[in-house]
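# Reading the structure
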Amino acid sequence: MLVINFKAYSKATGKEALKIAEKCASAAEEFRSELILAPQSHDLLRLDDTEATIYSQHLSSFSPGSHTGHPVAEGLEDAGAEGTLLNHSERRIPDREMLKTSIDRARKNEMEVILCAQSPEEVGELSKLKPDYIAFEPPELIGGDTAVSEAEPELIEKAYRQAEVPLLAGAG
């Protein structure tokens, strides 16, 4: 499975998002891998016709209402998101009750959840919330040139032993 977070890079937003999506689709086809793309919210509809599964980069714990700047599950799902990334190191949700509520909001809207964890211990803790996947990403390796599988492969093994749901390894 390939999960590509477009973040907020200018080369991965707007019309460029579609170009990146097409390149990712080619790579996924070559490796016979499922592809999940997480573009900026304003690009969700733009990528709706791609072969990839589309996730939002975040989802608020709020229901629709007067919550300016909080992406609600209903709007994201309507814009084509089939799932969401939650608790990424760049958008942590330290309040566990709020995190659980966000997961519940996603579930209510039939969206999958990839929940991000920074340590093997956090993998175990967050697994109890029953997301579809846990993405284990040591924050010091995110955006770097060295993959966690090369830098600290023993951490992946520790995280795997803690996981109660399928584990994805990222960073680097």
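Parameters and conventions
- Residues numbered from 1 in each chain as written.
- Predicted model: local features only at pLDDT ≥ 70, side-chain atom pairs only at ≥ 80, totals over all residues.
- Heavy atoms only, no water.
- Salt bridge = Lys/Arg side-chain N within 4 Å of Asp/Glu carboxyl O.
- Helix = DSSP H or I, 4+ residues; strand = E, 2+ residues; numbered from the N terminus.
- Buried < 20%, exposed > 50% of the residue type's maximum accessible area, 1.4 Å probe, protein only.
- Expected span 1.5 Å × (residues − 1).
- Arc of directions from axis to C-beta.
- Contact = heavy atoms within 4.5 Å.
- Polar contact = N/O pair within 3.5 Å; in protein donor to acceptor, adjacent residues only side chain to side chain.

## Focus: the pattern of salt bridges
For the structure on display, the rule yields 12 salt bridges. Between R96 and E122 there is a salt bridge, and its shortest N-O distance comes to 3.0 Å. Highlighted residues: R96 in helix α3 (residues 96–108) and E122 in helix α4 (residues 120–127), separated in sequence by 26 residues. Given the relative accessible area of 27%, R96 is considered partly exposed. Measuring nitrogen to oxygen at the nearest pair gives 3.1 Å for the salt bridge that ties D104 to K100.

## Describing the environment of S10
Locating S10 in the fold gives a position in the loop between β1 (2–5) and α1 (15–30). Judged by its relative accessible area of 61%, S10 falls in the exposed class. Along the backbone, S10 and L86 are 76 residues apart, and their C-alpha atoms lie at a distance of 22 Å.

## Let's talk about α3
With 13 residues, α3 extends 18 Å from end C-alpha to end C-alpha; this agrees with the ideal 18 Å at 1.5 Å per step. Residues L99, S102, I103, R105 and A106 constitute the buried set of α3. The arc that holds the buried residues of α3, viewed along the axis, is 160°, so those residues lie on one side. Exposed positions of α3 whose direction lies more than 90 degrees from the buried face are E97 and K108. Those residues of α3 that are buried lie in contact with α2 (73–78), β4 (83–86), β5 (112–117) and α4. For α3, the capping residue at the N-terminal end is D95, with a side-chain oxygen 2.9 Å from the backbone nitrogen of E97.

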